[in-house]
Amino acid sequence: MAGVTVNPVNVAYLVTGILFILGLRYLSSPRTARLGNRLAAVGMLVALVAVLTQGIVQWWIVALGVVVGAAIGIYSGRVVKMTAMPQMVALFNGAGGGAAALVAAGELLKLMNANPGEPLPFDQTFTIMLTSIIGALSFAGSIIAFLKLQEVMTGRPITYPGQQVVNAVILLLVLVGAGFVIANTNILTWYWIALVAALSLGVLFVLPIGGADMPVVVSLLNSFTGLAAAATGFVLQNNVLIISGALVGASGTLLTLLMGKAMNRSITNVLFGAFGSVKPGTSASSSTSGQNVRSVSADDVAALVAYANAVIVVPGYGMAVAQAQHSVRELADQLEKRGVEVKYAIHPVAGRMPGHMNVLLAEANVPYPALYDMDDINPEFERTDVALIIGANDVTNPAARTDKNSPIYGMPILNVDKAANVIVLKRSMKPGFAGIDNPLYDDPKTAMLFGDAKKSIDAVVSAVKAV
Amino acid sequence: MSEALFTELTVFILAIFIGVEVISKVPTTLHTPLMSATNAIHGIVLVGAILVAGTFDAPFNAIVGVILVILASLNVFGGFTVTERMLEMFKPRPIVAKKDND
């Protein structure tokens, strides 16, 4: 090894790996997070410059692809509404998974062209199948997740008899197809069978998952795309892909587990439980009586919050749907002017993806120190005058603590019922997404303000100004 | 399993450990930007896409190649752009506004 020669491209890839890790490290605080994002972007640039020295001849394909991809990516990144971030991430997950599967398919074809008639080595076929399957699964699954989040298709779980059996058969087909490819038998035929089966499986496994469980699904698909990228690294024997994919895979997996924990449900239960599907026989008949529900006006709410000492705002998906975050911030401004202390309680699964509410409130200029995690805010409800719940339901349901028969029993919730007064902003008395009764609404200290969240808050704001 | 594959597996496993260590320090308030940043990072598959679609022995027809590069670039450029935009919004408690209140 006299005069060790190191391929400069590999040095560049190492630099990229380090910059990605540092970039993620700097995401540990909102103060340094932008630096982190930029470090990661520089890392990406280094890797891209390096790969362009690797015998690229079809320049126009690369140039056209990058220019079009960059144009669409930058444009949509600039204009996407913060409420639509879950869809955006789902689309990116899908694109990443699809790209990984295509890279693997390309490598398979390359191998077959280079070794006509010869058996392909196990290392190659195995990693190619792994990449193709995970990539196809996350591509198809993410498209369905996107369609559900975008409300192109129903957010309710789609179930049919024998669903698990059908899925099991398709999974078997995926594995058999992969087995034949690895065994060098009719490679192309079995490759396409396995690929199509994996795509169908991706579709079928997201169909029965309900909208409220989307934080778990989006995180899981994020993890899958990471693993697909890492698997591509095995196929191409490229360390930077392996390292980056592993980082993303770890991130997605951690978030998935965190979301599962926040709902007190195992990941298998989320994926196969079809939570929130309308079960025959237990329909609306058993729903909250509605007899004891107290409805109030915006003026009543304004009087209550304006003279309070401490108010905690509990946002949920309803705030996102109504685009009410700016109005909420305005209300908080008015209250703070009057000396009322305003805090925000964020449940880990509020919204449709991890951190969804935080981004919306940040967009509305709410300073991030005012946002509190569940564990930090729960002890404070007891000394709070008003808990103001805006479009959140299941995460405030006290049945999770008390009612052993409730489907969400055991789920950690925000203890809003410990506050002196509870105000719930809601469209109507319809039960929440999961169709579970919320005894909070029958509580004598709870008052309901019905209507569109944004309009309701705006009305409260003008009433507070008049107080 | 070849020696090379084993080495790659070693790198993969160690990278997972680093990932878990680093990601677990990201506060919940930044979880959405974290996801879009990891979207951008798994756009690293663009390196693979360029190698597969742009080299001399590229197996795809040109259209598939371009689509592949577009998919991967979408993640890279879209991911970093939207993450930057989100992170700009996260502001500490404003000092000026505090004075207004008093």
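Residues numbered from 1 in each chain as written. Chains lettered and ligands numbered in written order. Predicted model: local features only at pLDDT ≥ 70, side-chain atom pairs only at ≥ 80, totals over all residues.

### Points about the overall build of chain A
Thought 1: Within chain A, the secondary structure is distributed over 17 helices and six strands.
Thought 2: Taken along the three principal axes of its C-alpha coordinates, chain A extends 80 × 55 × 35 Å.
Thought 3: Classification of the 467 residues of chain A by burial places 53% in the buried group.
Thought 4: A separation threshold of at least 6 residues defines the contact pool for chain A, and within that pool the share at least 24 residues apart is 80%. (Helix = DSSP H or I, 4+ residues; strand = E, 2+ residues; numbered from the N terminus. Buried ≥ 20, exposed ≤ 12 C-beta atoms within 10 Å, placed from the backbone. Contact = placed C-beta atoms within 7 Å.)

### Some words on the overall build of chain B
Thought 1: Across its full length, chain B holds five helices and zero strands.
Thought 2: Counting from the amino terminus, chain B carries its helices and strands in the arrangement α-α-α-α-α.
Thought 3: The C-alpha radius of gyration of chain B comes to 20 Å, more than 25% above the 13 Å expected for a compact globule of 102 residues.
Thought 4: Projected onto its principal axes, the C-alpha coordinates of chain B cover approximately 70 × 35 × 15 Å.
Thought 5: Counting over 102 residues, chain B shows a buried share of 58%.
Thought 6: In chain B, of all internal contacts separated by at least 6 residues, the share reaching a separation of at least 24 is 68%. (Rg over C-alpha atoms; globule rule 2.2 N^0.38 Å.)

### So, the sheet that holds strand S2 (residues 341–346) of chain A
All names here are of chain A.
Thought 1: As summarised here, the arrangement of the six strands in space is S3-S2-S1-S4-S5-S6, forming an open sheet in which the pairing is parallel. Every interior strand has two partners, whereas the edge strands, strand S3 (371–373) and strand S6 (446–450), have only one. The average undirected angle you get between the axes of adjacent strands in this sheet is 25°.
Thought 2: The sheet contact formed by strand S1 (residues 310–315) and strand S4 (residues 386–390) spans five bridges and is parallel. Residue pairing in the sheet places Val 311 in a bridge with Val 386 of S4. (Pairing = 2+ DSSP bridges. Axes fitted to C-alpha atoms, helices over the stretch in contact; angles between N-to-C directions.)

### Some details on the interface of chain B and chain A
Thought 1: If you look at the interface, chain B gives 80 residues, while chain A gives 97 residues.
Thought 2: Of all the elements in the fold, those that place two or more residues in the side of chain B that touches chain A are helix H1 (3–23), helix H2 (31–42), helix H3 (45–54) and helix H4 (62–89) of chain B.
Thought 3: When residues of the side of chain B that touches chain A are assigned to their parent elements, the largest contribution, 24 residues, is made by H4(B).
Thought 4: Classifying every residue of the side of chain B that touches chain A by side-chain character gives 50 nonpolar, 23 polar and seven charged. (Nonpolar A, V, L, I, M, F, W, Y, C, P; charged D, E, K, R; others polar.)

### Quick notes on the packing of helix H4 (residues 85–114) of chain A against H4(B)
Thought 1: The geometry of H4(A) relative to H4(B) is characterised by a closest axis approach of 8 Å and an angle of 145° between their N-to-C directions. Note on packing geometry: the crossing formed by H4(A) with H4(B) is left-handed. The residues of H4(B) that touch H4(A), namely those facing Met88(A), Phe92(A), Ala95(A), Gly96(A), Gly98(A), Ala99(A), Leu102(A) and Val103(A), are Leu68(B), Leu71(B), Ala72(B), Leu74(B), Asn75(B), Gly78(B), Gly79(B) and Val82(B). (Left-handed = near helix turned anticlockwise from the far one by under 90°.)

### A short note on unusual backbone geometry
Residues and elements named next belong to chain A.
Thought 1: At Asn 184, a position not held by glycine, the phi torsion is positive, near 60°.
Thought 2: Checked against the element boundaries, Asn 184 lands in the loop between helix H6 (163–182) and helix H7 (187–206).
Thought 3: Look at Asn 184 and you get partly exposed, because 14 C-beta atoms sit within 10 Å.
Thought 4: The phi torsion at Gln 323 lies on the positive side, around 55°, for a residue other than glycine.
Thought 5: With respect to the helices and strands, Gln 323 occurs in the loop between helix H12 (317–321) and helix H13 (325–337).

### Examining the pairing of strand S5 (residues 421–426) of chain A
All names here are of chain A.
Thought 1: With five of six residues buried, S5 lies mostly within the body of the structure.
Thought 2: Of the strand pairs in this sheet, S4 and S5 are connected by five bridges, and their pairing is parallel. Paired with Ala 387 across the two strands is Val 422, which belongs to S5.
Thought 3: Here five bridges tie S5 to S6, and the two strands are oriented parallel to one another. Of the residues in S6, the one forming a bridge with Leu 425 is Leu 449.

### A look at the packing of H4(A) against H3(B)
For any two helices packed against each other, the geometry comes down to the angle between their axes and how far apart the axes lie.
Thought 1: Orientation of H4(A) relative to H3(B), taken along the N-to-C sense of each, is 35°, at an axis distance of 9 Å. The handedness of the crossing between H4(A) and H3(B) is left-handed. For the pair H4(A) and H3(B), contact is made by Gly96(A), Ala99(A), Ala100(A), Val103(A), Gly106(A) and Glu107(A) and by Val45(B), Gly48(B), Ala49(B), Val52(B) and Ala53(B), respectively.
Thought 2: Of the residues contributing to the contact of H4(A) with H3(B), the split by class is seven nonpolar, three polar and one charged.

### Notes on helix H8 (residues 214–236) of chain A
Every α-helix winds through 3.6 residues per turn, so residues three or four apart in the chain are directed the same way.
All names here are of chain A.
Thought 1: For H8, which comprises 23 residues, the first-to-last C-alpha distance of 33 Å matches the rise-based estimate of 33 Å (1.5 Å per residue) to within 8%.
Thought 2: For H8, the tally of buried residues reaches 23 of 23 residues, placing the bulk of the element in the interior.
Thought 3: A positive phi of about 50° marks Gln 237, the residue just after H8. (Expected span 1.5 Å × (residues − 1).)

### Points about the confidence of the model for chain A
All names here are of chain A.
Thought 1: Averaged over chain A, the pLDDT score is 91; the fraction of residues at 70 or greater is 94%.
Thought 2: Mean pLDDT in chain A bottoms out at helix H10 (residues 267–272), which sits at 81, and peaks at helix H2 (residues 33–51), which reaches 97.
Thought 3: Here residues 279–289 is a poorly scored stretch, pLDDT under 50, and it has seven contacts once near neighbours within four places are set aside; other chains count. (pLDDT = per-residue confidence, 0-100.)

### Overview of the confidence of the model for chain B
Thought 1: Across chain B, pLDDT averages 90, with 91% of residues at or above 70.
Thought 2: Quick note on the complex model: pTM equals 0.91, ipTM equals 0.92.

### With respect to the environment of Gly162(A)
Thought 1: Relative to the helices and strands, Gly162(A) is located in the loop between helix H5 (122–149) and H6.
Thought 2: It is 43 Å that separates the C-alpha atoms of Gly162(A) and Thr446(A), two residues lying 284 residues apart in sequence.

### Some details on helix H11 (residues 298–306) of chain A
Residues and elements named next belong to chain A.
Thought 1: Buried residues of H11: Ala 298, Val 301, Ala 302 and Val 305, and no others. Viewed end-on, H11 has its buried residues packed into an arc of 100°, placing them on one side of the element.
Thought 2: Buried residues along H11 sit against S1, H13, S4, S5, S6 and helix H17 (453–466). (Arc of directions from axis to C-beta.)

### Observations concerning the environment of Asp437(A)
Thought 1: When you line up the elements, Asp437(A) lands in the loop between S5 and S6.
Thought 2: The class of Asp437(A) is partly exposed, set by 17 C-beta atoms lying within 10 Å.

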